[in-house]
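As a plain string of letters, each chain reads:
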Amino acid sequence: MTGQDWTGRILELEVGPVAHGGHCVSRVDGRVVFVRHALPGELVRAEVTEDKGGSFCRADAVEVLRAAPERVDPPCPLAVPGQCGGCDWQHATPEFQRELKGRVVAEQLQRLAGLDWPVEVEALPGGALGWRSRVRLVAGPDGRAGLRAHRSHRVVALENCPIAVPGALDRALSWKWRPGTEIEVTSDGDGHVHARELATVRGKRRARQLAGGEAVQHAAGRDWRLQAHGFWQVHPAAAETFASVVREWARASPGELAWDLYAGVGLFASVLAAQVGVTGHVVAVESGQRAVSDGERNLADLPQVSWRAGRTEHVLRSLSGKPEVVVLDPPRSGAGREVVQAVAAASPQRVVYVACDPAALARDVATFGESGYRLERLRAFDAFPMTHHVECVALLVR
Ligand SMILES: C[S@@+](CC[C@H](N)C(=O)[O-])C[C@H]1O[C@@H](n2cnc3c(N)ncnc32)[C@H](O)[C@@H]1O
């Protein structure tokens, strides 16, 4: 700890560029301050919410003294400092949100992979509101469901949530819950609402299904049936969009071998299976046992797909053959060095990497680079409007 604790101080800040994580960078008296609810080029008064002992502070812009031209009033009155922590970029136009996301992806590729790559983030169909098909609510002390404030246990009660699929939260928000109950609401591809209650009882996580259970989704020319709380893209247009990019870039041919790593219920495996045909082979690797069962059921008509349940890093040690194409869609932490090196050692012609974190993508692109792969194409999508999150699909070739 160096110097005084700044927590609670009000600082006047010239706001600099946006950083990975969505906060803007500012500097004052030799300290770095990450500012929420601000935009590059603004002059703001910001309250320090956290002082990390001299290394950096976090702050919330509480007054805008000079606004950026891209600033707008947030569509949701709760998307302001101290209120709902769900959206962090409602104060920028959707176009500017995408521009900022593009800058973040480009900066991560530059810093972590040494690549100068201009990035334009594409909007998905449907607009910036009413897209979120899964929301984790929590009941506050009065039993009303809401969302947590940013980096806090405090629950902000909601009347509605403008980024959620319209109507999806109505029942959950009208009920009285036991305080502290978490409620996960999922709206599926047919507009059916599924809900489950999550509670920690004597240190153990318990889930109780309240409504629905099996979700129906539609993408890549198929109807999918899966556990409603299992992984599926949260933006209703995302699965179809990513599947079509994978189809275009994977370009597997009949008779070839392809791997779908972090396969979920097999969205991309289905795309690869159509390309390799019945004379080819697709290996789908997924750690979630329920996802594997759902995947096997959904792709039962595709005998060329075989499933391996387990962690990619372990399963890869026992996979044989030389795939032409590998698709990877890891969680936020990325695939990591061990998996990337194992994929590169299998020597596929093409790697299609679907990524929800640009820093993890850039680190893994750098590791692929050490093994002779180069980034050939990259598309970025605004699959999470009103938040700083961005999804990328990258094509790597040897
Ligand atoms: C981002 S999702 C992608 C799912 C699928 N590709 C899709 O588009 O629907 C990541 C998936 O990887 C699985 N997963 C997480 N860690 C894993 C690991 N170490 N090995 C294998 N699968 C993993 C998760 O259960 C989840 O289904």
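Attention here is on the structure that accompanies the text. These numbers come from a predicted model, not from an experiment. Position labels on residues start from 1 in each chain and follow its written sequence. Local features are withheld for residues below a pLDDT of 70 in this predicted model, meaning they are given only at 70 or higher, and side-chain atom pairs are given and counted only at 80 or more; totals for whole chains, interfaces and linings count all residues. Working from all heavy atoms in the structure, the side-chain values ignore hydrogens and water.

The local shell around the ligand holds 15 residues, among which Tyr-262, Glu-286, Ser-287, Thr-312 and Asp-329 are the closest. In this structure, a nitrogen atom belonging to the ligand sits 2.8 Å away from a main-chain N or O atom of Thr-312. With residues, only the protein chains shown are counted as cover, and all accessible areas are computed by Shrake-Rupley using a 1.4 Å probe. Expressed as a share of its isolated accessible area of 590 Å², the protein-covered part of the ligand is 88%. Taken together, the elements giving at least two residues each to the shell around the ligand come down to helix H4 (267-276) and helix H6 (312-315). Its residues assigned to classes, the shell around the ligand comprises 7 nonpolar, 4 polar and 4 charged. Here a residue counts as near a molecule or strand whenever at least one of its heavy atoms sits within 4 Å of it. Under this definition, polar contacts are N or O atom pairs within 3.5 Å; protein pairs additionally need one hydrogen-donor-capable and one acceptor-capable atom, and for neighbouring residues in sequence, both atoms have to be side-chain atoms. Helical segments are the DSSP runs of H or I of at least four residues, strand segments are the runs of E of at least two, and each set is numbered from the N terminus. Any residue outside Ala, Val, Leu, Ile, Met, Phe, Trp, Tyr, Cys, Pro, Asp, Glu, Lys and Arg is labelled polar, Gly included; the first ten of those are nonpolar and the last four are charged.

A few words on the environment of Val-271. Topologically, Val-271 is positioned in helix H4. Buried residues are those whose accessible area, probed at 1.4 Å on protein chains only, stays under 20% of the maximum for their type, while exposed residues exceed 50% and partly exposed ones sit between those limits. By relative accessible area, which is 3% here, Val-271 ends up buried. With 70 residues separating them along the chain, Val-271 and Gln-341 place their C-alpha atoms 25 Å apart. Residues are treated as being in contact if the distance between any of their heavy atoms lies within 4.5 Å. Non-local contacts of Val-271, meaning those with residues more than four positions away in its chain, are made with Ala-220, Ala-243, Val-246 and Arg-247.

A pair of packed helices is captured by two measures, namely the crossing angle of their axes and the spacing between those axes. Fitted lines through C-alpha atoms give the axes, limited to the stretch in contact for helices. The angle between two N-to-C directions lies from 0 to 180 degrees. Between helix H1 (residues 94-113) and helix H8 (residues 358-370), the shortest axis-to-axis distance is 8 Å and the interhelical angle comes to 35°. Note on packing geometry: the crossing formed by H1 with H8 is right-handed. Packed against H1, whose contacting residues are Val-104, Val-105, Gln-108, Leu-109, Leu-112 and Ala-113, the element H8 presents Pro-358, Ala-359, Ala-362, Arg-363, Val-365 and Ala-366 at the interface. Looking at side-chain class alone, the contact of H1 with H8 contains 10 nonpolar, 1 polar and 1 charged residues. Left-handed describes a crossing in which the near helix is turned anticlockwise from the far one by less than a right angle; the clockwise case is right-handed.

What follows covers the side chain of Arg-134. Mapping Arg-134 onto the fold places it in strand S7 (residues 134-139). In this structure Arg-134 is buried but unpaired, with Glu-184 as the nearest side chain of opposite charge at 4.4 Å. Separated by 2.4 Å, the side chain of Arg-134 and the backbone oxygen of Ala-228 make a polar contact. Of the polar contacts made by the side chain of Arg-134, one reaches the backbone oxygen of Gly-230; its length is 3.0 Å. Aside from chain neighbours lying at most four places away, what touches Arg-134 is Glu-184, Val-185, Thr-186, Ala-228, His-229, Gly-230 and Val-234. When charges are tallied, Lys and Arg are placed among the positive residues and Asp and Glu among the negative ones, while His and the ends of the chain are skipped. Any Lys or Arg side-chain nitrogen found within 4 Å of a carboxyl oxygen on Asp or Glu counts as a salt bridge.

What follows covers the nonpolar core. By nonpolar core we mean a set of buried residues, namely Ala, Val, Leu, Ile, Met, Phe, Trp, Tyr and Cys, connected to one another through side-chain atoms within 4.5 Å. In this structure, Leu-137, Leu-267 and Val-305 are the most contacted members of the largest nonpolar core, which totals 70 residues. The element that contributes the greatest number of residues to this core is helix H3 (residues 238-250), accounting for 8 residues. Domain segmentation is taken from an automatic or database assignment of domains. Domain assignment of the residues forming this core places at least three in each of domain 2 (109-126 + 235-397) and domain 3 (134-213). Apart from the residues lying within four places of it in its own chain, the contact partners of Leu-267 are Ala-219, Ala-220, Trp-224, Trp-232, Ala-239 and Ala-243. Counting residues in each nonpolar core, the second largest holds 36 residues, with Val-121, Ala-344, Val-351 and Leu-375 among its members.

Pairs were defined over the aromatic rings of Phe, Tyr and Trp, the Trp ring being its six-membered one, requiring ring centres within 6.5 Å. Orientation was assigned from the angle between planes: stacked under 30 degrees, edge-to-face over 60, tilted for the rest. A complete count under the given rule lists 6 aromatic pairs for this structure. Note on Phe-34 and Phe-56: the rings are 5.4 Å apart at their centroids and 80° apart in plane angle, and the pair reads as edge-to-face. Of this pair, Phe-34 sits in strand S3 (residues 31-36) while Phe-56 sits in strand S5 (residues 56-66), placing them 22 residues apart in sequence. For Phe-34, a relative accessible area of 22% puts it in the partly exposed group. Taking relative accessible area as the criterion, Phe-56 reaches 21% and is therefore assigned partly exposed. Between the aromatic rings of Phe-242 and Phe-381, the centroid separation amounts to 5.6 Å while the plane-to-plane angle is 55°, which identifies the pairing as tilted. Taken together, the positions of Phe-242 in helix H3 and Phe-381 in strand S20 (residues 374-382) put the pair 139 residues apart, joining distant regions of the chain. Phe-381 shares its class with Phe-242; the two are buried. Put simply, a charge is over a ring when the Lys NZ or the Arg CZ is close to the ring centre, within 6 Å, and near the line of the ring normal, within 35 degrees. The cationic tip of Arg-31 hangs over the ring face of Trp-6; the distance from NZ or CZ to the ring centre is 4.0 Å.

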